[in-house]
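# Chain and residue survey
One-letter residues, chain by chain:
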Amino acid sequence: MDIQTDVVIVGTGVGGLYAALHLPPDRRICMITKSDLESSDSFLAQGGICVLRDGDDYDSYFEDTMRAGHYENRKESVAIMIRSSRDVIARLVALGVDFEKRDGAFVYTREGAHSRPRILFHEDITGAEITGKLLARVKELPNVTLYEYTTMTDWLVEDGVCRGIVAEGAGGTVHIRAGDTILASGGIGGTYRHSTNFPHLTGDAIELAKKYGVRLEHLDYVQIHPTTFYSEKPGRRFLISESVRGEGAVLYNKNGQRFVNELLPRDRVTAAIYKQMEEDQTAHVWLSMEAIPRETIIGHFPHIYEHCRAEGYDVTKEWIPVVPAQHYFMGGIWVDAYSRTSMAHLYAVGETSCNGVHGANRLASNSLLESMVFAERAARDIGGKRDE
């Protein structure tokens with residue numbers, strides 16, 4: 001089976017969806033996803049999305065991102081992301097995304113390694129709010145065709161140029177021929193025993209990049225999130241958002257003693273937890289939300305509250321067991337400032353790509369923003385409108 005289209009997008013998370021919304025309306029777009037449309041990690045993001053609050057915030061936001069990334073970030077990419085952030089938020093609001101407001105003004109929360117509150121949120125399901133609204137808008141586009149349960153297995157490459165992909169779906173093998181291909185297929189969490197990612201995210205694009213000699217970068221840059229709900233059940237680990245610690249939650253060892261500054265960058269908090277677990281000879285540490293008012297917990301973190309209740313813990317009264325788990329991939333397929341890979345007519349966005357924004361360690365809540373900023377830039381490049 002052959003499909004001829006103008007653009008094929010692999011993945012239906014925020015990167016793929018935002019790209020589709022910014023491609024010219026006269027382009028035929030084919031989007032595939034390995035599972036169902038809502039099983040992307042974008043739907044799982046809890047904490048929020050960063051935004052430049054005002055002109056005075058630029059230097060501190062830039063420094064926070066660089067410091068968290070151990071100054072291995074690509075400065076050009078960081079600058080592009082930050083300066084594009086307010087336009088992205090305005091676009092999301094126009095598309096129907098509902099961020100928390102008070103008296104008509106945005107409410108900002110703070111997370112680890114941020115020097116000030118600059119994160120917009122929707123309860124503790126910001127990713128679902130943003131991705132769900134983007135998906136709804138994409139479904140309205142007459143030039144987009146969506147295919148679920150369709151797995152990319154190869155690329156169509158002719159004379160070193162990408163001409164589309166090969167995929168496996170319910171009807172068998174399909175060759176999707178396209179003028180341009182955007183890889184937005186997510187991370188590598190499915191290759192780990194303990195991960196917050198969906199298990200079907202196994203780095204398919206990375207393996208194909210190796211096959212065709214497409215440039216890769218920093219494949220060892222893997223972020224471990226310090227706080228996921230500890231469970232002995234198999235499957236994906238439930239994230240306890242960094243916003244919880246930003247609002248005042250603290251970490252305790254088995255003796256009820258604090259052992260780390262909870263607002264340090266993720267890699268440093270993770271290292272401290274692993275060290276404490278080794279000293280205590282335990283499989284987890286404890287997270288206490290006692291300092292957070294009950295109304296804040298119920299209003300800001302309702303889904304975390306309900307999940308923990310289902311597991312037998314009332315976070316308004318009890319500590320919960322937490323453990324680090326694989327969370328995010330900072331490396332990936334090397335791309336330039338317009339998300340172009342080293343192969344002609346092949347783009348990569350989101351966690352699949354490495355544009356250098358995150359350096360060696362991602363700053364909390366930069367992922368959704370980064371994905372959309374560079375997805376839009378890919379779409380503009382494909383549409384011939386990169387400088388508009």
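Residues numbered from 1 in each chain as written. Predicted model: local features only at pLDDT ≥ 70, side-chain atom pairs only at ≥ 80, totals over all residues. Heavy atoms only, no water.

## Details of the sheet that holds strand 18 (residues 353-354)
Stated precisely, the cut-off is as follows: Being paired, for any two strands, means DSSP has found at least two bridges between them. Starting at the N terminus, helices and strands are each numbered in turn, a helix being any DSSP run of H or I of at least four residues and a strand any DSSP run of E of at least two. The contact definition used throughout considers only heavy atoms, calling two residues in contact when any of these lie within 4.5 Å. Here the axes come from fitting lines to C-alpha atoms, over the contacting stretch only for helices, and the angles between their N-to-C directions go from 0 to 180 degrees.
One open sheet holds the three strands; their spatial order is 11-16-18, and the pairing between them is mixed. Pairing within the sheet leaves two strands with one partner each, and these edge strands are strand 11 (216-217) and strand 18. The sheet contacts of helix 5 (residues 204-212) involve strand 11 and strand 16 (332-334), and relative to strand 16 the element is tilted by about 50 degrees.

## Observations concerning the sheet that holds strand 14 (residues 285-288)
Read from one edge to the other, the open sheet built from four strands follows the order 12-15-14-13, with strand pairing classed as antiparallel. Single-partner strands in this sheet number two, and they are strand 12 (222-229) and strand 13 (250-252). Sheet twist, expressed as the mean angle between neighbouring strand axes with direction ignored, is 45 degrees. Pairing of strand 14 with strand 15 (residues 320-329), which is carried by three bridges, proceeds in the antiparallel orientation. Paired with Val-285 across the two strands is Val-322, which belongs to strand 15.

## With respect to the nonpolar core
Filter applied, for reference: As used here, the term nonpolar core means buried Ala, Val, Leu, Ile, Met, Phe, Trp, Tyr and Cys residues forming a set that is joined through side-chain atoms within 4.5 Å. Working definition: with a 1.4 Å probe on protein chains only, accessible area under 20% of the residue-type maximum means buried, over 50% means exposed, and in between means partly exposed.
In terms of nonpolar packing, the biggest core is built from 60 residues, with Ile-9, Ile-49, Leu-92, Ile-130, Leu-134 and Met-372 touching the most fellow members. For Met-372, the contacting residues outside a window of four places in its chain are Val-14, Tyr-18, Ile-49, Val-88, Leu-92, Ile-130 and Leu-134. In terms of nonpolar packing, the next biggest core, distinct from the first, is built from 26 residues, Met-152, Ile-165, Leu-183 and Met-343 among them.

## Concerning the environment of Phe-374
Counting through the fold element by element, Phe-374 comes out in helix 10 (residues 367-382). With relative accessibility at 1%, the residue Phe-374 sits in the buried group. Placed 30 residues apart in sequence, Phe-374 and Ala-344 show a C-alpha to C-alpha distance of 17 Å. What Phe-374 contacts, discounting residues up to four positions off in sequence, is Ser-77, Ile-80, Met-81, Ala-337, Ser-339, Val-349, Asn-355 and Val-357.

## Things to note about helix 2 (residues 58-68)
Every buried residue belonging to helix 2 is among Tyr-58, Tyr-61, Phe-62, Asp-64, Thr-65, Met-66 and Ala-68, and all of these are buried. Contacts from the buried residues of helix 2 go to strand 3 (49-50), helix 3 (75-94) and helix 10. His-70 sits one or two residues past helix 2 and shows a positive phi near 60 degrees.

## A few points about empty space enclosed by the protein
So the rule is basically this: Only protein atoms enter the calculation, which uses a 1 Å grid: trapped sets of points that fit a 1.4 Å probe without letting it out are cavities, open sets showing protein on both sides within 12 Å along at least five of seven lines are pockets, and any residue with an atom within 4 Å of a point is a lining residue. Grid points are joined across faces, edges and corners, and a volume is the space filled by probe spheres set on the points. Residue type decides the class: Asp, Glu, Lys and Arg count as charged, Ala, Val, Leu, Ile, Met, Phe, Trp, Tyr, Cys and Pro as nonpolar, and the leftover types, Gly among them, as polar.
This model, assessed by the stated rule, comprises one cavity of 30 Å³ or more. By volume, the largest cavity is sized at about 50 Å³. Lining the largest cavity are Tyr-328, Phe-329, Met-330, Gly-350, Glu-351, Ser-353, Cys-354, Asn-355, Gly-356, Val-357, His-358 and Glu-370. When contributions to the lining of the largest cavity are tallied by element, the ones reaching two or more residues are strand 15 and strand 18. The class makeup of the residues in the lining of the largest cavity is five nonpolar, five polar and two charged.

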